[in-house]
Number of protein chains: 2
Amino acid sequence: MADLDHLRVVLVATRNPLNIGAAARAMSNFGVRRLRVVNPYDKAFREARSAVGASGLLAKAELFENVAEAVEDCRLVIGTTAGTRRDLQHRLLRLQEGARIIKRQMNTAPVALLFGSERYGLSNEEMSHCHWLMRIPTRDEHGSMNLGQAVAVCLYELVRGRKAAGAQTAGVRNQRKPAKSREVERLTEQLLELLNTSGYVKPRAVAAEEKLRRLVRRLELKGTDAEVLLGMLRQIAWKLANK
Amino acid sequence: MADLDHLRVVLVATRNPLNIGAAARAMSNFGVRRLRVVNPYDKAFREARSAVGASGLLAKAELFENVAEAVEDCRLVIGTTAGTRRDLQHRLLRLQEGARIIKRQMNTAPVALLFGSERYGLSNEEMSHCHWLMRIPTRDEHGSMNLGQAVAVCLYELVRGRKAAGAQTAGVRNQRKPAKSREVERLTEQLLELLNTSGYVKPRAVAAEEKLRRLVRRLELKGTDAEVLLGMLRQIAWKLANK
């Protein structure tokens, strides 16, 4: 099950301690160990940790202040959504299709799976760190699932039918690795700076920044390409500053 | 979804009202309507029914005194188990295999899916009403799932692979056409010009140009993204020329 060690379950702004506990339990059931918690309601996190029967997994959960830091080491970042909002800016895959891609990626590199808050799901800013979004095929009339149940269903889909998984590894290993989120974010920031300097966007235009972040994620850059592009942008920025 | 109307989710001796509520919510998410409750802790059932946000599905739940009565009209009766007990007298199938049989049966006749109490699961007597047992592929070391999560995972397996019109159209709506080669080439040229101006590459360095062209192709840009990126580069080039 080495590949499951590449999966990070990231709970963002979770409100209810029972849901953090339920997510941890499902993770333990399915052999997923890395829990990351972003900006939870303080009380919720403390209560979940101290709950009777809380797993070692919960004790080892890592706490982050924002999504960018929580996914820094991941090469694929997926957001989950009930998919009811009509203004989604991302590609939206059904769990079944999405899981296929995630499983392939998990063979070689860290993957983050994000779950938003119980009430609002993931915000646009939080989603902007994702490569694409995934949705459990619930009814349109009642799409929104309980958080703990959503985590359980996603992890189930990732482990179901596991025996076939090993065969694919060899081919994938030869492909070049996708860029880490940290690299992608650095590239985004450099590009944003250039766009500010050149007057393409106004400084601190939040919507523009999110739009740019999504655009850069859609490129699904390989690590080496991200590096090369960053070098290019730096040189251009340098020239612009020293002309 | 007529066949899902043939499915009865039967909760046996459930103790925690939150779990009854969670099971009902998962049923609503996946379009399963018939909830049967056998001998629940009285208080649990009443609390679940009167909980804020309890679904109509919960209000219509049928109450039975024993399993025999609860499954009377069903042609196939399946028990769920964590599969940790060594004395099982039944055939035990993995959820994936079991769901295939259930789906076939649901086309023509009522099927009952039983979930035992949180602490003890189904008793031998309760299991004796089942044709066979089914188990979610959890880890041996921690097999027992939270009740609401187990219901969600089982129902998901029963509906997965169905054509949920909503999800797919949304996915398609978000897919955009790949950029035309003409657009990609224009972008490449603009980037090359910038790299020349800024001194990143020497003018007429053929190898560098080819490398850049390959890099830009690897991005597999969508048409709209290529357009946006070209606009950005043009603005930066303008600034560089007019500083």
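Residues numbered from 1 in each chain as written. Chains lettered and ligands numbered in written order. Predicted model: local features only at pLDDT ≥ 70, side-chain atom pairs only at ≥ 80, totals over all residues. Heavy atoms only, no water.

1. Here's the deal with the overall build of chain A
- Across its full length, chain A carries eleven helices and seven strands.
- Taking 2.2 N^0.38 as the reference for a compact globule, 243 residues should give roughly 18 Å; the C-alpha atoms of chain A span a radius of gyration of 19 Å, in line with that estimate.
- Dimensions of chain A, computed from C-alpha atoms along their principal axes, come out at roughly 65 × 45 × 35 Å.
- Within chain A, buried positions represent 55% of all 243 residues. (Helix = DSSP H or I, 4+ residues; strand = E, 2+ residues; numbered from the N terminus. Rg over C-alpha atoms; globule rule 2.2 N^0.38 Å. Buried < 20%, exposed > 50% of the residue type's maximum accessible area, 1.4 Å probe, protein only.)

2. A closer look at the interface of chain A and chain B
- Counting residues at the interface gives 62 residues for chain A, matched by 65 residues for chain B.
- Taken together, both faces of the contact between chain A and chain B bury some 5,500 Å²; the carbon and sulfur share is 58%.
- Summed over the three residues of chain A that lose the most area to chain B, namely Asn 29, Gln 149 and Tyr 156 of chain A, the buried surface amounts to 12% of that side.
- Joining chain A to chain B, the criterion identifies four salt bridges.
- For the pair chain A and chain B, the interface holds 26 residue pairs in polar contact (both at pLDDT 80 or more). (Contact = heavy atoms within 4.5 Å. Buried area = accessible area lost by both parts, 1.4 Å probe. Salt bridge = Lys/Arg side-chain N within 4 Å of Asp/Glu carboxyl O. Polar contact = N/O pair within 3.5 Å; in protein donor to acceptor, adjacent residues only side chain to side chain.)

3. Describing the sheet that holds strand S6 (residues 111-115) of chain A
All names here are of chain A.
- If you trace the seven strands from one edge of the open sheet to the other, you get S3-S2-S1-S6-S4-S7-S5, paired in parallel fashion. Every other strand in the sheet has two partners, leaving strand S3 (62-64) and strand S5 (92-94) as the edge strands with one partner each. Between one strand axis and the next, the sheet turns by 30° as a mean value, whatever way the strands run.
- Sheet topology note: the S5/strand S7 (residues 132-135) ladder contains three bridges and is parallel. Following the sheet pairing, Arg 94 is matched in S7 by Arg 135. (Pairing = 2+ DSSP bridges. Axes fitted to C-alpha atoms, helices over the stretch in contact; angles between N-to-C directions.)

4. Quick look at the domain arrangement of chain A
Residues and elements named next belong to chain A.
- When cut into domains, chain A gives domain 1 (2-173) and domain 2 (181-241).
- Distance from the C-alpha centre of domain 1 to the C-alpha centre of domain 2: 27 Å.
- Each partner contributes to the interface: domain 1 provides 14 residues, whereas domain 2 provides nine residues.
- A per-residue breakdown of the area domain 1 buries against domain 2 is headed by Glu 72, Ser 128 and His 131, which together make up 42% of the total.
- Taken together, the connections running from domain 1 to domain 2 amount to three salt bridges.
- When the shortest N-O distance is used, the salt bridge between Glu 220 and Arg 91 registers 3.5 Å. (Domains from an automatic or database assignment.)

5. Some remarks on the sheet that holds strand S3 (residues 62-64) of chain B
All names here are of chain B.
- Strand order in the open sheet made by the seven strands is S3-S2-S1-S6-S4-S7-S5, with parallel pairing throughout. Strand pairing shows two members of the sheet lacking a second neighbour, S3 and strand S5 (92-94), which therefore form its edges. In this sheet, adjacent strand axes meet at a mean angle of 30° when their direction is disregarded.
- Sitting on the sheet, helix H7 (residues 147-159) is in contact with strand S1 (7-12), strand S4 (76-80), strand S6 (111-115) and strand S7 (132-135), with an inclination near 150° to S6.

6. A short note on the packing of aromatic side chains
- For the coordinates displayed, the defined rule picks out three aromatic pairs over all chains.
- Each ring, one from Phe 30 of chain A and one from Tyr 156 of chain A, has its centre 6.3 Å from the other, and the planes form 55°; the classification is tilted. Highlighted residues: Phe 30 of chain A in helix H1 (residues 17-30) and Tyr 156 of chain A in helix H7 (residues 147-159), separated in sequence by 126 residues.
- Phe 30 of chain A sits in the buried class, given a relative accessible area of 2%.
- When the centroid spacing of 6.4 Å and the interplanar angle of 85° are considered together, the rings of Tyr 156 of chain A and Tyr 156 of chain B count as edge-to-face. (Phe/Tyr/Trp six-rings, centres within 6.5 Å; stacked < 30°, edge-to-face > 60°.)

7. Examining empty space enclosed by the protein
- Under the defined criterion, the tally for this structure stands at one cavity of 30 Å³ or more.
- Roughly 240 Å³ of internal volume is contained in the largest cavity.
- As for the largest cavity, its lining consists of 15 residues, of which Leu 191, Leu 229 and Leu 233 of chain A together with Leu 191 and Leu 229 of chain B are closest to the centre.
- Within the residue set of the lining of the largest cavity, elements represented by two or more residues are helix H9 (181-197), helix H10 (206-218) and helix H11 (223-241) of chain A together with helix H9 (181-197) and helix H11 (223-241) of chain B.
- Grouping the constituent residues of the lining of the largest cavity by class yields 15 nonpolar, no polar and no charged. (1 Å grid on protein atoms, 1.4 Å probe; cavity = no way out; pocket = protein on both sides within 12 Å on 5 of 7 lines; lining within 4 Å. Points joined across faces, edges and corners; volume = space filled by probe spheres on them. Nonpolar A, V, L, I, M, F, W, Y, C, P; charged D, E, K, R; others polar.)

8. A closer look at a positive patch on the surface
Residues and elements named next belong to chain B.
- A cluster of basic residues, Lys 180, Arg 182, Arg 186 and Arg 234, forms a positive patch at the surface.
- Checked against the element boundaries, Arg 234 lands in helix H11.
- Residue classification places Arg 234 among the partly exposed residues on the basis of a relative accessible area of 46%. (Patch = residues over 30% accessible without salt bridge, like charges linked within 9 Å, V, L, I, M, F, W, Y side chains within 5 Å. Areas by Shrake-Rupley, 256 points an atom, 1.4 Å probe, with all protein chains shown as cover. Lys, Arg positive; Asp, Glu negative; His and termini not counted. Charge placed at Lys NZ, Arg CZ, Asp CG, Glu CD.)

9. What to know about helix H5 (residues 95-106) of chain A
Residues and elements named next belong to chain A.
- Taking 1.5 Å as the rise per residue, H5 with twelve residues should run 16 Å; its terminal C-alpha atoms sit 15 Å apart, in good agreement.
- When we look at burial in H5, the residues that qualify are Leu 95, Gly 98, Ala 99, Ile 102, Gln 105 and Met 106. Viewed along the axis of H5, the buried residues span an arc of 125°, placing them on a single side of the element. (Expected span 1.5 Å × (residues − 1). Arc of directions from axis to C-beta.)

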